[in-house]
Protein chains: 2
Amino acid sequence: MEFSSKLLENAVNEMSQLPGVGKRTALRLVLHLLRQPKEQSLLLANALQKVREDINFCKSCHNISDKEICEICSNPMRNKSVICVVEDIRDVMAIESTGSFRGLYHVLGGKISPIDGIGPQDLNISSLVDKLKTGEVKELIFAMSPTMEGDTTNFYIFKQIQDFDIKTSTIARGIAAGNELEYTDEVTLGRSIIDRIPFESSLKL
Amino acid sequence: MEFSSKLLENAVNEMSQLPGVGKRTALRLVLHLLRQPKEQSLLLANALQKVREDINFCKSCHNISDKEICEICSNPMRNKSVICVVEDIRDVMAIESTGSFRGLYHVLGGKISPIDGIGPQDLNISSLVDKLKTGEVKELIFAMSPTMEGDTTNFYIFKQIQDFDIKTSTIARGIAAGNELEYTDEVTLGRSIIDRIPFESSLKL
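Here the structure is a predicted model, which is why all the values come from computation and not from measurement. (Residues numbered from 1 in each chain as written. Chains lettered and ligands numbered in written order. Predicted model: local features only at pLDDT ≥ 70, side-chain atom pairs only at ≥ 80, totals over all residues. Heavy atoms only, no water.)

K.L.:
Even after reading the chapter, I still don't get the confidence of the model for chain A, so can you show me in this structure?
P.N.:
As a note on interpretation, predicted positions should not be read in detail where pLDDT is low. Residues of chain A with pLDDT of at least 70 account for 99%, and the chain-wide mean is 91. Across the whole predicted complex the pTM is 0.80, and at the interface the ipTM reaches 0.82. (pLDDT = per-residue confidence, 0-100.)

The structure is reproduced here in C-alpha cells:
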C-alpha cells in the first residue's frame, strides 16, 4: 500500500497491529475517524492511553479493577468460601451477567498451553494456592473452557491442592439450552448422559 | 456489559464507536492491548491523535497529504491535462498501484446520495469546475464506482462542464480478469458486449 501521507500511513500501521485488523480495515477505520469531529479521535486516543497506563489488577483475584481490591472481592455480601477459577476477565463478566454465582473469582490470566509456550508459572496459580492454604475457602469451582488446555489447567491446579480439605467441582458440560439433540457432538452428548441429574433439579431454573 | 473498571469500560466504549466494531470486539481489542507492552498502546494513541489533528488535504486535488500540495499534483512528470475524478483517497491508492495512470486526480470526498443527505455542495465539485475553467485540462476521466450514486455524481458533474471544451470518459465496465462468464451479472455482461473493443487492443496489456 502506497500512502500519500506519513501521518496516515503511521496511523494505519499502528491500527493494523490489532488482532484481526488488516491494512485495509485499518485504513477504513482511520478514514472514518478523519470524517468525524476531532473530539472522537482524541477521546479514543486518551481512553486507550489511560487504560494501558493506569490499569490495575485486583491484588486478590487478578480481575481488572480501578481499586487495589476489586468490587467483587471487597463486597461483604459475597460468599468468600467459594472461589470460581476462570481464564480471563471476560469469563468473570459472562458469569456475573448470569446472576447465578455469589462467591468470589480467581482470574488465571490464561491457560496452560505448551504449544504457545505458556506454563503454570505464567499464570496466577501460586497466588491461588496461597489463598487456599488459609483454610477459609471450602469449595473451588473450575470454570475453564472445555478444551484440552482448559482440562490440563484444571488438572494441574487440582494436583497442587488435592491434599487440602477443599471440595472441587467443574461447571456442568452438556447440551446448551435451545440446542437440537441430533446436532450435538458425541463427546458432549455422551457426557450429558453419564452426568445426568435428577429431573426435579432440572425444574429449578 | 458490566465492567469491573471504569477505565476499561471507557476504552471499550470509545473503541466500539468505530464502524463494524461491536462491544465484544472492542473488549477483545482492548484486552489484547493490555497484554502487550505499554509502548504499543501509546504509539497507537499518538498516531490516532496526530493523524486527526495534523491531517492536511491537498489544496488542488483534496487528496490527504502532509504538504500543501500533494506529491502527485506537484510531480512535474505527471500529465496535468488529464484529471481522474474519484470518490475517496482509497481510489487514488488503488489506481496508483496499477501504474496505469500518469495524470492527476480530483478527490470528491464522497458521492451524491440523497438518502444519506449528501448533495453536490457537500462534495469537492466547485473546485473541480473552477480548475476546468482554466482551460489547461483536456480530458476528465470519471472513475466513480458503478453504482446509482456514482452514476448520479458523474452525470451532475458532466452537466456542469458540458459547455467546456473537455473530453470526458468513464473507466471501462466489463468482466473482471479471471471471472467466469456464466457467473457475471446481466447488466455487466450486456454492457461488455455493447462496449466491445477491437481484439488487437485487448492484446496490449
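K.L.:
How should the side chain of Glu 87 of chain A be read in this particular structure?
P.N.:
All names here are of chain A. Secondary-structure assignment places Glu 87 in the loop between strand 3 (79–86) and helix 4 (89–98). Residue classification places Glu 87 among the buried residues on the basis of a relative accessible area of 17%. Beyond its immediate chain neighbours, meaning those up to four positions away, Glu 87 contacts Val 107, Leu 108, Gly 109, Gly 110, Lys 111, Met 144 and Ser 145. (Helix = DSSP H or I, 4+ residues; strand = E, 2+ residues; numbered from the N terminus. Buried < 20%, exposed > 50% of the residue type's maximum accessible area, 1.4 Å probe, protein only. Contact = heavy atoms within 4.5 Å.)

K.L.:
Could you clarify how one ought to interpret the nonpolar core in this entry?
P.N.:
The tendency in soluble globular proteins is for nonpolar side chains to be buried side by side. In terms of nonpolar packing, the biggest core is built from 108 residues, with Leu 8, Leu 48 and Leu 140 of chain A together with Leu 8, Leu 48 and Leu 140 of chain B touching the most fellow members. In this structure, Leu 8 of chain A is in contact with Phe 3, Leu 27, Val 30, Leu 31 and Leu 34 of chain A together with Val 51, Ile 64 and Ile 89 of chain B, ignoring residues within four places of it in sequence. (Core = buried A, V, L, I, M, F, W, Y, C linked by side-chain atoms within 4.5 Å.)

K.L.:
Where do I start with unusual backbone geometry in this structure?
P.N.:
A negative phi holds for most residues other than glycine; trans holds for most peptide bonds. Residues and elements named next belong to chain A. Although it is not a glycine, His 62 adopts a positive phi angle of roughly 70°. Assignment of secondary structure puts His 62 in the loop between strand 1 (56–57) and strand 2 (64–65). For His 62, a relative accessible area of 17% puts it in the buried group.

K.L.:
What exactly am I supposed to notice about the sheet that holds strand 4 (residues 103–107) of chain A here?
P.N.:
Where strands meet in a sheet, backbone hydrogen bonds hold them as pairs that are either parallel or antiparallel. Residue and element names in this part refer to chain A. One open sheet holds the 4 strands; their spatial order is 4-3-5-6, and the pairing between them is parallel. Sheet topology places strand 4 and strand 6 (167–170) at the edges, where each strand pairs with a single neighbour. On average, adjacent strands in this sheet sit at an angle of 25° to one another, irrespective of strand direction. Sheet topology note: the strand 5 (residues 139–142)/strand 6 ladder contains 4 bridges and is parallel. Considered in strand 6, the bridge of Ile 141 is made with Ser 169. Against the sheet, helix 4 engages strand 3 and strand 4, with an angle of about 160° to strand 4. Contacts from helix 5 (residues 126–133) reach strand 3, strand 4 and strand 5 within the one sheet, and its direction differs from that of strand 4 by about 150°. (Pairing = 2+ DSSP bridges. Axes fitted to C-alpha atoms, helices over the stretch in contact; angles between N-to-C directions.)

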